[in-house]
Amino acid sequence: QKTVSNMSTEFRTLAELCEKLEGTSKRLLMKDLAADFLKRIHTDEVEPATSMILGRAFPKWDQRTLEVSWATLSGVIKRLTNVDWKDFRKAFNDTGDVGAATKIVFEKTGGIRRQVMLVEEPLTILEVRRRLEAIAEMAGYGSRERKERLLEILLGAATPLEVKYLVKILIGEMRTGFFEGMMELAVSEAFQIPLDVVQRASMFTGDIAEVAAIAKVKGKKGIMNLQFQLFRPIRLMMAQMAVDVSEALREHKGKSAFEYKLDGARIQIHKLRDNVKVYSRRLTDVTQSLPEVVQLIRDQVKANEAILEGEVIAVGEDGNPMLFQHLMRRFRRVHDIEEMTKQIPIELYLFDLLYLDGKSL
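Parameters at a glance
Residues numbered from 1 in each chain as written. Predicted model: local features only at pLDDT ≥ 70, side-chain atom pairs only at ≥ 80, totals over all residues. Heavy atoms only, no water. Helix = DSSP H or I, 4+ residues; strand = E, 2+ residues; numbered from the N terminus. Rg over C-alpha atoms; globule rule 2.2 N^0.38 Å. Buried < 20%, exposed > 50% of the residue type's maximum accessible area, 1.4 Å probe, protein only. Contact = heavy atoms within 4.5 Å. Areas by Shrake-Rupley, 256 points an atom, 1.4 Å probe, with all protein chains shown as cover. Lys, Arg positive; Asp, Glu negative; His and termini not counted. Charge placed at Lys NZ, Arg CZ, Asp CG, Glu CD. Polar contact = N/O pair within 3.5 Å; in protein donor to acceptor, adjacent residues only side chain to side chain. Pairing = 2+ DSSP bridges. Axes fitted to C-alpha atoms, helices over the stretch in contact; angles between N-to-C directions. Parallel < 35°, antiparallel > 145°, perpendicular 65-115°, else oblique. Left-handed = near helix turned anticlockwise from the far one by under 90°. Nonpolar A, V, L, I, M, F, W, Y, C, P; charged D, E, K, R; others polar.

Asker: How do you make sense of the overall build of the chain when you look at a structure like this?
Answerer: Counting its secondary structure elements, the chain contains 17 helices and 5 strands. The C-alpha radius of gyration computed for the chain amounts to 23 Å, which stays within 12% of the reference 21 Å derived for 361 residues, consistent with globular compactness. Evaluated residue by residue, the chain yields a buried proportion of 48% over its 361 residues. Sequence-distant contacts in the chain: of pairs separated by 6 or more residues, those separated by 24 or more amount to 71%. Carbon and sulfur atoms make up 51% of the accessible area of the chain, which amounts to about 19400 Å² in all. If the 55 positive side-chain charges of the chain are averaged to one point and the 52 negative ones to another, these points end up 3 Å apart.

Asker: Before we go on, may I ask you to explain the side chain of Thr 176 in this structure?
Answerer: Assignment of secondary structure puts Thr 176 in the loop between α10 (160-171) and α11 (180-190). Of the polar contacts made by the side chain of Thr 176, one reaches the backbone nitrogen of Phe 178; its length is 3.3 Å.

Asker: How do you make sense of the sheet that holds strand β5 (residues 359-360) when you look at a structure like this?
Answerer: Hydrogen bonding along the main chain pairs the strands of a sheet, whether they run parallel or antiparallel. Spatially, β2-β1-β3-β4-β5 is the arrangement adopted by the 5 strands of the open sheet, whose pairing is antiparallel. Sheet topology places β2 (275-280) and β5 at the edges, where each strand pairs with a single neighbour. Of the strand pairs in this sheet, strand β1 (residues 265-272) and β2 are connected by 6 bridges, and their pairing is antiparallel. Bridging from a neighbouring strand, Lys 271 pairs with Val 276 of β2.

Asker: Hey, could you run me through the packing of α11 against helix α12 (residues 195-205) in this one?
Answerer: Two quantities define a packed helix pair, namely the angle between the axes and the distance from one axis to the other. The contact between α11 and α12 brings their axes to 9 Å, and the two run at 125°. As the angle between them shows, α11 and α12 are arranged oblique. For the pair α11 and α12, the crossing hand works out as right-handed. Where α11 approaches α12, its residues Glu 184, Leu 185, Val 187 and Ser 188 are matched on the opposing element by Leu 195, Val 198, Gln 199 and Ser 202. Class assignment of the residues belonging to the contact of α11 with α12 gives a composition of 4 nonpolar, 3 polar and 1 charged.

Don't take any of this as a statement about function, it's just geometry.
Put into structure tokens, the structure is as follows:
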């Protein structure tokens, strides 16, 4: 492994780790494998590696997106391999996984991949991150063609195993069975920090990859100092299902409050004076799509600093909630917002206050 101080860690080692994680269902083994990997890689590689192991190109709080469609990606795969697309479909039907299918066709046509490469240097974790950043930053006229060229260079420099996991990262579907909760366990073990401290820090930052990077450098003391940061969305607390009312009452030690479940969308609102941003359940910035929520918070929340959570619902002319898909049209709209606010008005129901004028609640 290239882990000497003056060398970068090859992306191959990350792909090999993901292959091992995918090949086992033993939680303890998965945790140990990931923890050992985090201990061995360089400090500046921890956040990119942790994000990519979880199937993300960038940190969770980062609003950049790759905007790579399957049409674009499949076109790049076809050009690099000259594969008969029937063979790809067969590989996909056999594996049920786009990344695994791509690996199969790259293995069959390995000689074609590197024809355009002048220097066959191994990809590193940081080089992959830099190339993903370049893809995300492509915008404007001709950006699709430039993205395709960058994708060709990236996949053309990779081995079939690396291609498998690059494709998974590009489409955001890692599917190794290794999720954030497992990564929290791995970070706890790798840097000898109590799990509850790691989980608390992960909640504050909204991103276990950032916690891992801080833990690598500053240890327990570093992540104990983490607090809420305005305009850095926080991982949401999700409800757990109960089999029946009796189970819920037992969990709550006999006392519960009952309320109607509104068919809306969870949002988190951050306010610093007149600056207001709204984030979705997936921690995506949806401020532009919900201008009336922004105005409502500016007008009625008098605190200088606040982080609030709630639900927005779409309402019809009769005042009753509209179907959920109508609300989703609001979240996806980035143009003609004013017209859409007339067609699909929304109401805000707040239910939690997490942070108020410098104090965590």
